[in-house]
Amino acid sequence: MEIHFAPLQGYTDSVFRKLHAEIFGGIDKYYTPFIRVERGDFRKKDMRELPDETECNTIPQIIASTKPEDIEKMISMLEEKGYKEVNINMGCPFPMIAKHGMGSGLLADKEAVKAMIKVLEAHPSMRFSLKTRLGYDDENQIFEMMDIINDFPFTEVTMHPRIAKDQYSGEINHAKFAEFAKVCKHPLIYNGDVTTTDDINKISTVYPTLKGIMIGRGLLMNPALASEHKNGETMPDKEKRDKSKQLIKKLFAHCEELMNGEEQSVAHVKAYFEYLLPDIEKRNRKKVLKANKAEKLRAAIAEFFI
Ligand SMILES: Cc1cc2nc3c(=O)[nH]c(=O)nc-3n(C[C@H](O)[C@H](O)[C@H](O)COP(=O)(O)O)c2cc1C
């Protein structure tokens, strides 16, 4: 069973992916957060986060769009840069994205999906995988476009079994995932609410034909989750804290060197503490999240990992 680290805008940037692979490992595939076209051009930040040759098995992700010209622009750019595989995000539920005909916004529009696939077909030397969900406003929408999804040679399909309105919370729709697993002809990856090795084992047992499981927030909470699964044993708490500390320290140093000012790097580093090691005392987490200067944050982080 492969374990993929889900793309998480604001978290799984290039430096984090490299540090995670080096310090914790256990991941078969990483993804970049989605690349998009904004006012006809690429965002500098997205370009900075593209994987380089030192990153193993990291797939660039683009956001699906009702504008074929934007899809073409993103794929051509990636192809020119030498990437061989692209992941298509047809599941992002955020209203600012979906309402503008991107991400999950395509799930109610079969013609837009057809137009997008036409663009993919024009790049026969590239491989494409798909990350999607059940629908935009109806849990059956994905089934209405199964013919076109099955007809295109996607290398794999990752399914998050919710609709856009649910974003990333509420009950996971297992009945619909099981139905999807039956009709999807591509290798299938499960995604959603996996936070423990028990969850990984349960999902593998319930859906034995899966190629893999993609994990997002569960890996932000426990960065050792994938390696614990691979090694078949839980990492001792002390080791987990020490390794997390090492990762955060290096990440912070990197941010201070490369980001525009203290405010930005403090905000970026703090974001990881929204999830990291949920069993750590609330009081210590609050201190980290309240720190508004680099020195204060450093002190609060030292206490957090004691
Ligand atoms: C803050 C945040 C940012 C995300 N950014 C992306 C993204 O750039 N691309 C994407 O495909 N999914 C994105 N997602 C969705 C995750 O990849 C994943 O599908 C979702 O978190 C559910 O998996 P989990 O329950 O294992 O976290 C994001 C989710 C969150 C919470």
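These remarks concern the structure in this document.

### Observations concerning the overall build of the protein
For the protein, the count of helices and strands is 15 helices and 11 strands. Over its C-alpha atoms the protein spans a radius of gyration of 19 Å, differing by no more than 12% from the 19 Å that the globule rule assigns to 306 residues. Referenced to the eigenvectors of the C-alpha coordinate spread, the extents of the protein come out at roughly 55 × 45 × 35 Å. Out of the 306 residues in the protein, the part that is buried amounts to 54%. Considering only contacts within the protein whose residues lie at least 6 apart along the sequence, 73% involve residues at least 24 apart. Carbon and sulfur atoms make up 51% of the accessible area of the protein, which totals about 14600 Å². Looking at the protein, you have 46 positive and 47 negative side-chain charges, and the mean spots of the two groups are 4 Å apart.

### Looking at the packing of helix H12 (residues 237–258) against helix H13 (residues 262–272)
It is at 9 Å that the axes of H12 and H13 come closest, and there the two elements cross at 160°. Judged on the interaxial angle alone, H13 and H12 are roughly antiparallel. Between H12 and H13 the crossing geometry is right-handed. For the pair H12 and H13, contact is made by Ile248, Leu251, Phe252, Cys255 and Glu256 and by Ser265, His268, Val269 and Tyr272, respectively. Considered class by class, the residues forming the contact of H12 with H13 number six nonpolar, two polar and one charged.

### Comments concerning the site of the ligand
Neighbouring the ligand are 18 residues; Pro7, Gln61, Asn191, Asp193 and Arg217 lie closest to it. Here an oxygen atom of the ligand sits 2.7 Å away from a polar atom, N or O, in the main chain of Asp193. One nitrogen or oxygen atom from the side chain of Arg217 is found 2.7 Å from an oxygen atom belonging to the ligand. For the ligand, whose free accessible area comes to 610 Å², the fraction covered by protein is 93%. Residue classes in the shell around the ligand are distributed as eight nonpolar, seven polar and three charged.

### A short note on helix H8 (residues 174–183)
Taken as a whole, H8 has its buried residues at Lys176, Phe177 and Phe180. Around the axis of H8, the buried residues are gathered within 105° of arc, so they sit on the same side. H8 presents Ala175 and Lys182 as exposed residues on the side facing more than 90 degrees away from its buried surface. Tucked inside the fold, the buried residues of H8 contact strand E8 (127–135), helix H6 (141–144), helix H7 (146–151), strand E9 (157–163) and strand E10 (188–191).

### Side note on the pairing of strand E7 (residues 85–90)
Burial runs high along E7: six of the six residues are buried. Side chains Glu85, Asn87 and Asn89 of E7 all project onto a buried face; the interleaved residues Val86, Ile88 and Met90 project onto the opposite face, where all are buried too. Crossover strand E6 (residues 61–63) to E7 through helix H3 (residues 68–80) is right-handed. Both E7 and E8 contribute to a ladder of six bridges, which runs parallel. Bridge pairing in E8 places Val86 opposite Phe128.

### Let's talk about the pattern of salt bridges
Within the structure shown, the criterion is met by 23 salt bridges. For Glu295, the salt bridge goes to Arg298, with nearest N and O atoms at 3.4 Å. Of the two residues, Glu295 and Arg298 are both situated in helix H15 (residues 294–304); the distance of three residues between them amounts to about one turn of the helix. A single network of salt bridges, built from pairs that share partners, joins Lys29, Glu85, Arg127, Glu156 and Lys211.

### A word on the sheet that holds E7
Overall, parallel pairing links the nine strands, which are arranged E5-E2-E1-E11-E10-E9-E8-E7-E6 in an open sheet. Every interior strand has two partners, whereas the edge strands, strand E5 (58–59) and E6, have only one. Two elements, E9 and E10, share three bridges in a ladder whose sense is parallel. In the sheet register, Thr158 faces E10, and the bridge partner there is Ile189. Sitting on the sheet, helix H1 (residues 14–23) touches strand E1 (2–5), strand E2 (29–31) and E5, and the angle it makes with E2 is about 165°. Against the sheet, H8 contacts E8, E9 and E10, and its axis sits at roughly 170° relative to E10.

Calculation rules
Residues numbered from 1 in each chain as written. Predicted model: local features only at pLDDT ≥ 70, side-chain atom pairs only at ≥ 80, totals over all residues. Heavy atoms only, no water. Helix = DSSP H or I, 4+ residues; strand = E, 2+ residues; numbered from the N terminus. Rg over C-alpha atoms; globule rule 2.2 N^0.38 Å. Buried < 20%, exposed > 50% of the residue type's maximum accessible area, 1.4 Å probe, protein only. Contact = heavy atoms within 4.5 Å. Areas by Shrake-Rupley, 256 points an atom, 1.4 Å probe, with all protein chains shown as cover. Lys, Arg positive; Asp, Glu negative; His and termini not counted. Charge placed at Lys NZ, Arg CZ, Asp CG, Glu CD. Axes fitted to C-alpha atoms, helices over the stretch in contact; angles between N-to-C directions. Parallel < 35°, antiparallel > 145°, perpendicular 65-115°, else oblique. Left-handed = near helix turned anticlockwise from the far one by under 90°. Nonpolar A, V, L, I, M, F, W, Y, C, P; charged D, E, K, R; others polar. Near = heavy atom within 4 Å. Polar contact = N/O pair within 3.5 Å; in protein donor to acceptor, adjacent residues only side chain to side chain. Arc of directions from axis to C-beta. Right-handed = clockwise from strand over helix to strand, strands pointing away. Pairing = 2+ DSSP bridges. Salt bridge = Lys/Arg side-chain N within 4 Å of Asp/Glu carboxyl O.

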